[in-house]
Amino acid sequence: MSSPLKIEWAPLPGQDEAVARSVLPGGVRLLTEHIAHIRSASIGLWVPVGSRDEAGGHFGATHFLEHLLFKGTARRSALQIAEAFDKVGGEANAATSKEYTCYHARVLDADLPMAVDVLGDMVTGALLDPEEFELERGVILEELAMTEDDPHDVAHEAFASAVYGANPLARPIGGTPQTIRAVPRDAVWEHYRAHYRPETLIVTAAGNVDHEAVAHLVSEALGRSTWASTDDDVPRRRRSTDLTVALPVEAARRVVERPVEQAQVILGCEGLRAMDARRHALGVLSTIVGGGMSSRLFQEIRERRGLAYSTYSFCMGHADAGCFGLFAGCGPAVADEVVELLGAEWDRLAAHGVDADELARAKGQISGGMVLGLEDSFSRMMRLGRAETLTGELPTPDELLARVQRVTADEVATLAEELASRPRHEVRVAPPS
């Protein structure tokens, strides 16, 4: 990346001057948000590749890389990477999803140059040392074993498999023991070389940061790498509105037997895409059904009947698909009754809609959580990255609040009726009968 640094940036449309975006030499996209009066800075390096993007023979490679990039570069050992953040009281970690991978850190503003340098070195200069590779294979297998021992995680993985069927979205983000044991180092290296390039890299920073200063830091860090320059402004990740593999059209019932004391049950269906115009109505709907202690599920299943400690609803949207579900953890002897109650509350909402009080309460809950969730540099940094990687839009908090407030009772009722008409999948994790 030898091109001279030319910083051309402007506030994003609809944003104030605190948020800016520019494309650096080499094609790297940079987004920053200046937050006055705080001393922290959060930085994220994003690659728009997740578990759904893995080709045959590469299954598990995305999550493998999340681990391996912390295992050393030509300039730093794994211990030196860890020490760099520990000695300043900072935090460094990574996250893999079905559609992106993010390497991130949160440090004092004065330590941001170190964080950019270390993360940049990790992402561009990973060695994937064969010996470290095999050691980390064992670590990942232990992580997967931990997940297999958690019936809650098992239930959600089984639900994703039921909803998405043969679509790549059904694959576990972390891979499976079979794919992790099978994937060779060369396949993970091929995955790394194919997807970790300047034109795909997104850098986001938030906190006490200056856009031009961060641009220089990023350019200098990547300038020490061997990545080739393209000077391309790559469009945000987009997918066809048609799934490559159609989702199941028949309702599925899956029972996963585990020696557990508590059954985990999920009832749900295909939901909405991440950018569906009705996503805010879905958020309100989900909050009414199972979003808190005043929700219908909590009041009916826990408070009135005492059948479960934990019960809630959830929804998740991806570029071209999504899911919606109702969950409860209950005694195996009452699992049938609880599943019936989950379905009954779902059907009642579809048949009778919502009243004004619970609509207002749900909007207030979402609005308060949204604002409180954006009061630190890390959440602001993640917001920038998800917008650039997945959605292509970055509404202001005020605009998001306005969208929630515009949701009507009729919109919620209509959506509830549509969801109730879709194939309804049931998943249970329970002891052998």
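Rules behind the numbers
The residue numbers shown here count from 1 along each chain, following its written sequence. Local features in this predicted model are restricted to residues of pLDDT 70 or higher, and side-chain atom pairs are both shown and tallied only at a pLDDT of 80 or more, whereas totals for entire chains, interfaces and linings draw on every residue. Each side-chain value is derived from all of the structure's non-hydrogen atoms; neither hydrogens nor water enter the calculation. Secondary structure elements follow DSSP: runs of H or I of four or more residues count as helices, runs of E of two or more count as strands, with numbering from the N terminus. Per-residue accessibility, obtained with a 1.4 Å probe over protein chains only, is compared with the maximum for each type, and a residue is labelled buried under 20%, exposed over 50%, and partly exposed between these values. Every residue pair with non-hydrogen atoms within 4.5 Å of one another is taken to be in contact. Surface exposure here means Shrake-Rupley accessible area, sampled with a 1.4 Å probe, where a residue is shielded only by the protein chains that are shown. In this count, Lys and Arg are taken as positive residues and Asp and Glu as negative ones, while His and the chain termini are left out. Where a charge lies is defined by one atom per residue type, namely NZ (Lys), CZ (Arg), CG (Asp) and CD (Glu). Between N-to-C directions, angles cover 0 to 180 degrees, with each direction set by a line fitted to C-alpha atoms, over the stretch in contact for helices. Each crossing gets its handedness from the near helix: less than a right angle anticlockwise from the far helix is left-handed, clockwise is right-handed. Each residue is assigned to one class: nonpolar for Ala, Val, Leu, Ile, Met, Phe, Trp, Tyr, Cys and Pro, charged for Asp, Glu, Lys and Arg, and polar for all the others, Gly among them. Stacked, edge-to-face and tilted are the three classes for Phe, Tyr and Trp ring pairs, Trp counted by its six-membered ring, which pair at centre distances within 6.5 Å; planes under 30 degrees apart are stacked, over 60 edge-to-face, the rest tilted. Each ring is checked for a lysine NZ or an arginine CZ that lies within 6 Å of its centre and within 35 degrees of its normal; such an atom marks a charge sitting over the ring. For salt bridges, the criterion is a side-chain nitrogen of Lys or Arg within 4 Å of an Asp or Glu carboxyl oxygen. In this scheme, strands are said to pair when DSSP sees at least two bridges between them. Here the word oblique covers every angle except those under 35 degrees (roughly parallel), over 145 (roughly antiparallel) and from 65 to 115 (roughly perpendicular). In this scheme, a helix's expected span is set at 1.5 Å multiplied by one less than its residue total. Under this definition, polar contacts are N or O atom pairs within 3.5 Å; protein pairs additionally need one hydrogen-donor-capable and one acceptor-capable atom, and for neighbouring residues in sequence, both atoms have to be side-chain atoms. Two cysteine sulfurs form a disulfide in these notes if their separation is within 2.5 Å.

Draft legend 1. Representation of the overall build of the protein chain in the model. Along the protein chain, the regular secondary structure elements total 15 helices and 12 strands. The C-alpha extent of the protein chain, read off along each of the three principal axes, is 65 × 50 × 40 Å. The 433 residues of the protein chain split such that 51% are buried. Considering only intrachain contacts with a sequence separation of at least 6, the fraction spanning at least 24 residues in the protein chain is 81%. Summing over all exposed atoms, the protein chain offers an accessible surface of approximately 19,000 Å²; the carbon and sulfur share of this is 52%. In the protein chain, the 43 positive side-chain charges and the 64 negative ones have mean positions that sit 2 Å from each other.

Draft legend 2. Focus on the packing of helix α10 (residues 296–304) against helix α11 (residues 335–352). Two elements in contact, α10 and α11, have axes separated by 11 Å at closest approach and are oriented at 150°. As for the relative orientation of α10 and α11, their crossing is right-handed in sense. Taken together, the residues of α11 that come into contact with α10 (itself represented by Arg296, Leu297, Glu300 and Ile301) are Val338, Leu341, Leu342, Glu345, Arg348 and Leu349. Across the contact of α10 with α11, the residue classes break down as 6 nonpolar, no polar and 4 charged.

Draft legend 3. Examining the packing of aromatic side chains more closely. Applying the stated rule across the entire model yields 10 aromatic pairs. Taking 5.1 Å as the distance between ring centres and 55° as the angle between the ring planes, the aromatic pair formed by tryptophan 46 and tyrosine 100 counts as tilted. Note that tryptophan 46 is positioned in strand β4 (residues 40–47) and tyrosine 100 in the loop between β5 (91–96) and β6 (101–108), a separation of 54 residues in sequence. Look at tryptophan 46 and you get buried, because its relative accessible area is 0%. Residue tyrosine 100 is classed as buried on the basis of its relative accessible area of 10%. Ring-pair connections join several aromatic residues into one group, and the members of that group are Phe70, Tyr103, Trp189, Tyr192 and Tyr196. Sitting over the face of the ring of tryptophan 346, arginine 424 holds its NZ or CZ atom 4.0 Å from the ring centroid.

Draft legend 4. Seen up close, the pattern of salt bridges. Evaluated as defined, the whole model comprises 33 salt bridges. Close ionic contact of glutamate 337 with arginine 305 constitutes a salt bridge, the shortest N to O distance being 3.8 Å. Of this pair, glutamate 337 sits in helix α11 while arginine 305 sits in the loop between α10 and β10 (308–317), placing them 32 residues apart in sequence.

Draft legend 5. Just the pairing of strand β2 (residues 19–23), in detail. Counting buried residues along β2, 4 of its 5 residues qualify, which places the element largely inside the surrounding structure. Bridge analysis of β2 against strand β3 (residues 29–34) gives 5 bridges, and the strand direction is antiparallel. Looking at the pairing, alanine 20 lines up with threonine 32 of β3. In this antiparallel pair of consecutive strands, β2 and β3, the connection spans 5 residues, and glycine 26 shows a positive phi of 100°.

Draft legend 6. How the structure looks around the packing of helix α9 (residues 279–290) against helix α12 (residues 356–372). Here α9 crosses α12 at 110°, and the two axes come no closer than 9 Å. Viewed along their axes, α9 and α12 adopt a mutual orientation that is roughly perpendicular. The residues of α12 that touch α9, namely those facing Gly283, Val284, Thr287 and Ile288, are Glu358, Leu359, Ala362, Lys363, Gln365 and Ile366. Looking at the contact of α9 with α12, its residues break down into 5 nonpolar, 3 polar and 2 charged.

Draft legend 7. Layout of helix α5 (residues 151–164). Between its first and last C-alpha atoms α5 spans 20 Å; for 14 residues at 1.5 Å apiece the expected length is 20 Å, and the two agree. All buried positions along α5 are accounted for by Pro151, Val154, Ala155, Ala158, Phe159, Ala160, Ala162, Val163 and Tyr164. Buried residues along α5 sit against α4 (130–148), β8 (253–257), β9 (263–270), β10, β11 (322–330) and β12 (425–430). Two or three places before histidine 152, at the start of α5, stands the capping residue aspartate 150, its side-chain oxygen 2.9 Å from that residue's backbone nitrogen. Once α5 finishes, glycine 165 follows within two positions and takes phi at roughly 60°, a positive value.

Draft legend 8. Region of interest: the environment of alanine 263. As for its position among the elements, alanine 263 is in strand β9. Along the backbone, alanine 263 and aspartate 149 are 114 residues apart, and their C-alpha atoms lie at a distance of 13 Å. In this view, alanine 263 contacts Ala328, Gly329, Cys330, Pro332, Ala335, Val429 and Ala430; residues no more than four positions away in its chain are not counted.

Draft legend 9. Representation of the sheet that holds β10 within the structure. Strand order in this open sheet of 5 strands is β8-β12-β9-β11-β10, and the pairing throughout is mixed. Edge positions in the sheet fall to β8 and β10, since each of these pairs with one other strand and no more. In this sheet, neighbouring strand axes are inclined to one another by 15° on average, regardless of whether the strands run parallel or antiparallel. In terms of strand pairing, β9 meets β12 through 5 bridges, oriented antiparallel.

Draft legend 10. Summary view of the state of the cysteines. One pass over the full model with this rule turns up 0 disulfides. The thiol of cysteine 323 is not disulfide-bonded; the next cysteine sulfur, from cysteine 315, is found 8.1 Å away. Using a relative accessible area of 7% as the deciding quantity, one classes cysteine 323 as buried.

Draft legend 11. Examining helix α3 (residues 112–124) more closely. Over its 13 residues, α3 extends 18 Å from the first C-alpha to the last, a length consistent with the 18 Å expected when each residue adds 1.5 Å. Counting buried positions along α3 gives 11 out of 13 residues, so the element sits mostly inside the fold. Where α3 is buried, its residues touch β4, α2 (78–86), β6, α7 (185–195) and α8 (211–223).

Draft legend 12. Representation of the side chain of serine 377. You can see serine 377 is positioned in helix α13 (residues 377–391). The exposure class of serine 377 is buried, given its relative accessible area of 0%. Aside from chain neighbours lying at most four places away, what touches serine 377 is Ile35, Ile38, Ser40, Ala41, Ser42, Arg106, Ala206 and Gly207.

Draft legend 13. Structural detail: the pairing of β10. Pairing between β10 and β11: 9 bridges, direction antiparallel. Bridged to cysteine 315 within β11 is phenylalanine 324. In textbook terms, the turn of a hairpin is the stretch between consecutive antiparallel strands, and for β10 and β11 this stretch comprises 4 residues.

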